[in-house]
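# Tertiary structure, described
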Amino acid sequence: MIRVLIVGTGVMAHDHAKAFAAMDDVTIVAGVDPNAERLAAFTSAYDIPNGFASVEDAIVWGAFDAASNVTPDAIHHRTTLPLLTAGKHVLCEKPLATNHHDAIEMARAATAAGVVNMVNLTYRNVPALIQAAQLVQEGQIGEVRHFEASYLQSWLTQDAWGDWRSEDAWLWRLSQAHGSMGVLGDVGVHILDFATYAAGSDADRVSCRLKTFEKADGGQIAGYTLDANDSVAMHLSLRNGAIGVIHASRFASGHINDLHLRLYGTAGGLDVRFAGWESQLSICRGDNLRSANWTTVDPEPVIPNFRRFIAAIKTGQPVSPDFARGAALQHVLDMAVASDKAGACDQII
């Protein structure tokens, strides 16, 4: 039985708790949150026997094997390092950190500790993406030459997920002072991983434009300054020679939470779509190239991130995406910010 500590009890923590609670070989033994009222409600909801105000208090107690870190982005670094020092396995929400320096420190600390470490990049749970990556690795579309990727949301134009103008859960995502890197940090890390994982290669150059749109009088609501980026347009070159474009936005009217990736190779193309929590994969190759006929591929089921994290602890085997992957993605995000500040000039990764 793997004993899990959940650090942070906000919205996403409920997804972690439900996933672990459904596993027969896992028990959630404690939660951590400095907000006593929120902590009590969370531990009561999932019948968790212990609660602590800090990671340090939980470590002193020590009766857990692994931690699931679901704190806000800016707190990942300072809450994860003590857990690694204590020899605990850690699953950390994305992005791993808010800058490359902190992310690489976390990756090195995890390696030094010899523990299982994993970044919860949600879309590694998408069957069509995993199947596409496998087809590329097998050479089914030849050498990748070009890709197009997007992550489109519209919660700034409608209230399907709530009213962003009045709810803290959304307002903090629009404010740099509250730890947000905007859409680039929030979903950019997902689509960057989505595209480069499937393409089978990391980025070596990036140019980027970020845009923050006026959303309120004076750019403020209550105590929030709405200065985080809302849309991003990025151009990448990959180490395998491919080039491509990535864009993400919270103003994509008509799209609730949709990801799209097209990969074009010397012998075929792949089309990956994820919308409405369903994924679809299509391929064009062989005799279909001349007629541009795309056929559907039925992807195989995938093992979810949470299950793979626990399996890695039990077998002692490494698991992907690990902290090193998280740090590599963060490096690209940092260089994207640097590119925007330099007028969208190329930055070497």
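Let me sum up the structure you'll find in this document. Predicted model only: the values in this text are computed from it and were never measured.

Another point: helix H6 (residues 127-137). Of all the residues in H6, the buried ones are Ala-128, Leu-129, Gln-131, Ala-132, Ala-133, Leu-135 and Val-136. Next to the buried residues of H6 lie strand S7 (144-153), helix H8 (182-199), strand S13 (257-265), strand S14 (268-275), strand S15 (278-285) and strand S16 (295-297).

Summed over the entire model, instances satisfying the criterion amount to ten aromatic pairs. An angle of 75° between the planes, with centres 5.3 Å apart, marks the rings of Phe-20 and Phe-306 as edge-to-face. Here Phe-306 lies in helix H10 (residues 305-315) and Phe-20 lies in helix H1 (residues 11-21), a separation of 286 residues in the sequence. With a relative accessible area of 12%, Phe-306 lands in the buried category. When the centroid spacing of 5.1 Å and the interplanar angle of 40° are considered together, the rings of Phe-52 and Trp-61 count as tilted. Residue Trp-61 is classed as partly exposed on the basis of its relative accessible area of 32%. Among the aromatic residues, ring-to-ring pairing joins Tyr-123, Tyr-151, Phe-274 and Trp-277 into one connected group. Directly above the aromatic system of Phe-64 lies the positively charged group of Lys-88, at a separation of 4.5 Å from the ring centroid. The aromatic ring of Trp-294 is capped on one face by Arg-262, whose charged end is 5.3 Å from the ring centroid.

Next up on the list: the layout of surface pockets. A volume near 1,400 Å³ is recorded for the largest pocket. If you trace the largest pocket, you find 48 residues lining it, with Val-11, Met-12, Ala-13, Val-70 and Arg-173 closest to the centre. When residues of the lining of the largest pocket are traced back to their parent elements, those giving at least two are H1, helix H3 (55-61), helix H4 (76-85), S7, helix H7 (168-171) and H8. Element by element, the count of residues in the lining of the largest pocket is highest for H1, at four residues. A class-by-class count of the residues in the lining of the largest pocket yields 23 nonpolar, 14 polar and eleven charged. Roughly 270 Å³ of internal volume is contained in the second largest pocket. If you go around the second largest pocket, you meet 14 residues; those closest to its centre are Gln-176, Met-181, Leu-210, Asn-229 and Val-337. If you list the elements that add at least two residues to the lining of the second largest pocket, you get strand S8 (203-211) and helix H11 (323-341). Broken down by element, the residue count for the lining of the second largest pocket peaks at three residues, all from H11.

Angle between the axes and distance between the axes: these two values describe a pair of packed helices. The geometry of helix H5 (residues 100-113) relative to H11 is characterised by a closest axis approach of 8 Å and an angle of 170° between their N-to-C directions. Classified by the angle their axes make, H5 and H11 are roughly antiparallel. Along its contact with H5, which presents His-100, Ala-103, Ile-104, Met-106, Ala-107 and Ala-110, the element H11 presents Phe-323, Ala-324, Ala-327, Gln-330, His-331 and Asp-334. Across the contact of H5 with H11, the residue classes tally to eight nonpolar, three polar and one charged.

So, on to the nonpolar core. Side chains of nonpolar character tend, in soluble globular proteins, to be buried together. In terms of nonpolar packing, the biggest core is built from 74 residues, with Leu-236, Leu-263 and Phe-323 touching the most fellow members. Sequence-distant contacts of Phe-323, that is, excluding residues within four places in its chain, are made with Thr-80, Leu-84, Val-90, Cys-92, Leu-96, Met-106, Ala-107, Ala-110, Asn-117, Met-118 and Val-119. Counting residues in hydrophobic clusters, the runner-up holds 22 residues, among them Ile-2, Val-4, Ala-17 and Met-118.

Evaluated as defined, the whole model comprises 16 salt bridges. The salt bridge involving Lys-314 is made with Asp-25; its shortest N-O contact spans 2.9 Å. Remark: Asp-25 occurs in the loop between H1 and strand S2 (26-32) and Lys-314 occurs in helix H10; sequence separation between them is 289 residues. In this structure, Arg-173 engages Asp-186 in a salt bridge whose closest nitrogen and oxygen atoms are separated by 3.0 Å. On the criterion of sequence distance, the pair formed by Arg-173 in the loop between H7 and H8 and Asp-186 in helix H8 is long-range, its members being 13 residues apart.

Rules and cut-offs
Residues numbered from 1 in each chain as written. Predicted model: local features only at pLDDT ≥ 70, side-chain atom pairs only at ≥ 80, totals over all residues. Heavy atoms only, no water. Buried < 20%, exposed > 50% of the residue type's maximum accessible area, 1.4 Å probe, protein only. Helix = DSSP H or I, 4+ residues; strand = E, 2+ residues; numbered from the N terminus. Contact = heavy atoms within 4.5 Å. Phe/Tyr/Trp six-rings, centres within 6.5 Å; stacked < 30°, edge-to-face > 60°. Lys NZ or Arg CZ within 6 Å of the ring centre and 35° of its normal. 1 Å grid on protein atoms, 1.4 Å probe; cavity = no way out; pocket = protein on both sides within 12 Å on 5 of 7 lines; lining within 4 Å. Points joined across faces, edges and corners; volume = space filled by probe spheres on them. Nonpolar A, V, L, I, M, F, W, Y, C, P; charged D, E, K, R; others polar. Axes fitted to C-alpha atoms, helices over the stretch in contact; angles between N-to-C directions. Parallel < 35°, antiparallel > 145°, perpendicular 65-115°, else oblique. Core = buried A, V, L, I, M, F, W, Y, C linked by side-chain atoms within 4.5 Å. Salt bridge = Lys/Arg side-chain N within 4 Å of Asp/Glu carboxyl O.

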